[in-house]
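# A look at the structure
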Amino acid sequence: MDAQGRGRADDIDPADQWVLNPNTGEYELRLTPSAPQSSVPGPRRAASRTGAASRATGAKAGGAGGAVRNRTAAPETRPAPGREVPPQRRRRGVPEEPLPGRRGRRPVKKSKAKKAVLWTGGIMAFVVVAAAAGAYLYIEHLNDNIQSVSDDGASTGGFSKDKAINILLIGTDKRTGAGNGSYGDKDSPGHADTTILLHVSKDRSNATALSIPRDLIVDIPDCPTTQEDGSQKVIPGETGERFNTSLGQEGRTPSCTARTVTELTGIKPDNFMVADFNAVKTLTTAVGGVEVCLAKDIDDPDSHLKLSEGKHVIAGEQALAFVRTRHSVGFGGDLSRIGLQQQFLSALMRKLKSNDTLSSPSKMIKLAEAGTKALTVDSQLNSIDKLKDLGLELGKLNTKNLTFTTVPVIDNPAEKVKTTVVLNKTKAPEVFQAIQNDVSFTAVKQQKQKEAAAVAARLKGTKADPSEVRVQVMNGGAPAGSAQETLTWLQTEEGVTKSENAGNAPATLAKTTLEYAPDQADQARRLAAILGLSGAAMKPGKSVTNSQGLPTMTLTLGKDFKGAGVPLTPPTKAPDVEKSTADKVECAK
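Residues numbered from 1 in each chain as written. Predicted model: local features only at pLDDT ≥ 70, side-chain atom pairs only at ≥ 80, totals over all residues. Heavy atoms only, no water.

### What to know about helix α5 (residues 277-286)
Of all ten residues making up α5, seven are buried, and the element is well covered by its neighbours. Listed in full, the buried residues belonging to α5 are Phe 277, Ala 279, Val 280, Lys 281, Leu 283, Thr 284 and Ala 286. The N-cap residue of α5 is Asp 276: its side-chain oxygen and the backbone nitrogen of Asn 278 are 3.1 Å apart. Of the residues one or two after α5, Gly 288 is the one with positive phi, at around 85°. (Buried < 20%, exposed > 50% of the residue type's maximum accessible area, 1.4 Å probe, protein only. Helix = DSSP H or I, 4+ residues; strand = E, 2+ residues; numbered from the N terminus. Polar contact = N/O pair within 3.5 Å; in protein donor to acceptor, adjacent residues only side chain to side chain.)

Following this line, the structure appears as structure tokens:
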């Protein structure tokens, strides 16, 4: 409805009804109330003001014919002489606009805020694209930092996300790098000075870091080794040598250290990493230092470590001196230094997992640079993506469930002056077996307790007499002749006379198993007791027919078979050995 149609229009100039709104800075049509009428309209949209002015002008032109009653805009008409509608009054500082008759639709101007948003959005789009390109280039840069050497078939082929992980960490005494020539033997080829086998459980709830003394007497196996020109060379093995000569000596590479560890522990590493002196200096500097504790003052001229009693934050050269010192701690030997190194690694692990490190982009970048430059990895771990995946798996671990321990050893009885050590043949096998069977050295609540209880229940119940046990023995990965050896032992030593040799199994098994039908459970329990089998080795299934046409159980000897009469029950808890956990600060004595 036009201006005059809303009420008394006598002596009212439509132009006078356009009023400046001080709140919006825009002109709005306001009507003077007289007779009862509709409420005053609110602010109009900018696009409609031209049409409103036209309607006000058209109202005067059509006054003789009565008010226009429809709500659609009237056709544009020229105003009567002397009654020109003035243009909208402009605000101070705003440029003058063209007259209404010449302007058409007024262009909408972008506010400063909108311009800022558009400008920022454009910049952000550029930044995102640039960051994506930069990230790719940075990852390529990190890949170029990584040095790798062939695993020569000494590893499992790489860690798996759905299995337990075994990583061999080797610290060499190679003196390459600025300032390192002054430490000890500057011409050392780089022996396995510090070696740790890190086992991470399948469920990632716990881990064990097993230190291997450098002066431990071991047998070094033959080592197929890839030479610099790509050719293969087998470096002959040696018996009764120090463990540290498994690397560097006679041209041995880290793959030979990995083979020696497998020979010693029965555990085949999934991957290995090698760090030299520079790694300690650069990694500790990248994270801003790590906190260590001393129970007494130390002044060691050999390692250049001079620290007072108490807590200290160390990095760079001082951190290297800390892990190298041995004459001023414990008994002054390598075993005492291992304890110091374990304390240092615990502190580094705590710092790596702290918010102070994880929330600092600069520290993370420095750490990525330092880590990729300082470490040499095996050929199965030679990209930043693979290292990232491994890091994500290790990141699931809680430091309170990371246990540090050392291979149990005793002084070498063959020496008058004790300089080397040998395995403690009672405790060492227990430690190795615990790791092989993924047993935690900390009191971790296992995720599958109910399942474990059900498996253990297979051993509970009545047991048949040995003379009633019918079983066929097969070789599924044990040494040649094991099936016949076991058969003879069962028949002559244990009274299991209804047994027979069924030859080789159709497939190789990692662990020995006993398959039986439900109605043979009492026989299975008796045989499990004789053989020392765990509930996990007992596989309820079905029976087979023996040479007499009678139903019989199947015992398949796996790779874990140690010999007739040697129990195969894995430990359910770790042996009682000296250990520490990564979440606790311990002061070196």
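### Let's talk about the nonpolar core
Within the largest apolar cluster, 31 residues are counted, with the highest numbers of intra-cluster contacts made by Leu 168, Leu 210, Ile 212, Leu 216 and Phe 243. Contributing elements (two or more residues each) for this core: β4 (165-172), β5 (192-200), β6 (207-212), β7 (217-220), α4 (254-265), β11 (271-275) and α11 (428-436). Residues within four places of Ile 212 in sequence aside, it is in contact with Thr 195, Phe 243, Val 261, Leu 264 and Val 407. (Core = buried A, V, L, I, M, F, W, Y, C linked by side-chain atoms within 4.5 Å. Contact = heavy atoms within 4.5 Å.)

### Let's talk about the state of the cysteines
The final tally for this structure, using the stated rule, is one disulfide. Each disulfide pairs two cysteine sulfurs, and for Cys 223 the partner residue is Cys 256, the sulfurs being separated by 2.0 Å. Note on the Cys 223 and Cys 256 pair: the S-S dihedral is about 65°, so by sign convention the disulfide is right-handed. Separated by 33 residues along the polypeptide, Cys 223 in strand β8 (residues 223-226) and Cys 256 in helix α4 bring together distant segments of the chain. Across this residue pair, the class does not change: Cys 223 and Cys 256 are buried. (Disulfide = S-S within 2.5 Å.)

### Describing the environment of His 327
Secondary-structure assignment places His 327 in the loop between α6 (316-324) and α7 (334-352). Sequence-wise, His 327 and Pro 301 are 26 residues apart; in three dimensions their C-alpha atoms are separated by 9.3 Å.

### Thoughts on the side chain of Asn 271
Among the secondary structure elements, Asn 271 is positioned in strand β11. The exposure class assigned to Asn 271 is buried, which follows from its relative accessible area of 0%. Ignoring anything within four residues of it in the chain, the contact list for Asn 271 reads Gly 158, Phe 159, Asn 166, Ile 167, Leu 168, Asp 378, Gln 380 and Leu 381.

### Things to note about unusual backbone geometry
Although it is not a glycine, Glu 250 sits at a positive phi angle of roughly 60°. Locating Glu 250 in the fold gives a position in the loop between β10 (238-242) and α4. Its relative accessible area of 54% is what places Glu 250 among the exposed residues. Of note in the backbone geometry, Asp 438 takes a positive phi value of approximately 60° without being a glycine.

### Considering the pattern of salt bridges
On inspection of all chains with the given rule, the structure shows eleven salt bridges. Between Glu 393 and Arg 204 there is a salt bridge, with the nearest N and O atoms lying 2.8 Å from each other. Highlighted residues: Glu 393 in helix α10 (residues 384-394) and Arg 204 in the loop between β5 and β6, separated in sequence by 189 residues. The class for Glu 393 is buried, based on a relative accessible area of 5%. (Salt bridge = Lys/Arg side-chain N within 4 Å of Asp/Glu carboxyl O.)

### What about helix α13 (residues 482-493)?
When the terminal C-alpha atoms of α13 are compared, their 16 Å separation across twelve residues agrees well with the 16 Å that a helix rising 1.5 Å per residue should span. Residues of α13 that are buried include every one of Ser 482, Ala 483, Thr 486, Leu 487, Trp 489 and Leu 490, and no others. One side of α13 carries all its buried residues, which in axial view fall inside an arc of 165°. Just beyond α13, the residue with positive phi is Gly 495, at close to 75°. (Expected span 1.5 Å × (residues − 1). Arc of directions from axis to C-beta.)

### Structural notes on the side chain of Ser 211
Looking at where Ser 211 falls in the secondary structure, it is placed in strand β6. When near neighbours in sequence (up to four residues on either side) are disregarded, Ser 211 contacts Thr 195, Ile 196, Ile 338, Gln 342, Thr 405, Thr 406 and Val 407.

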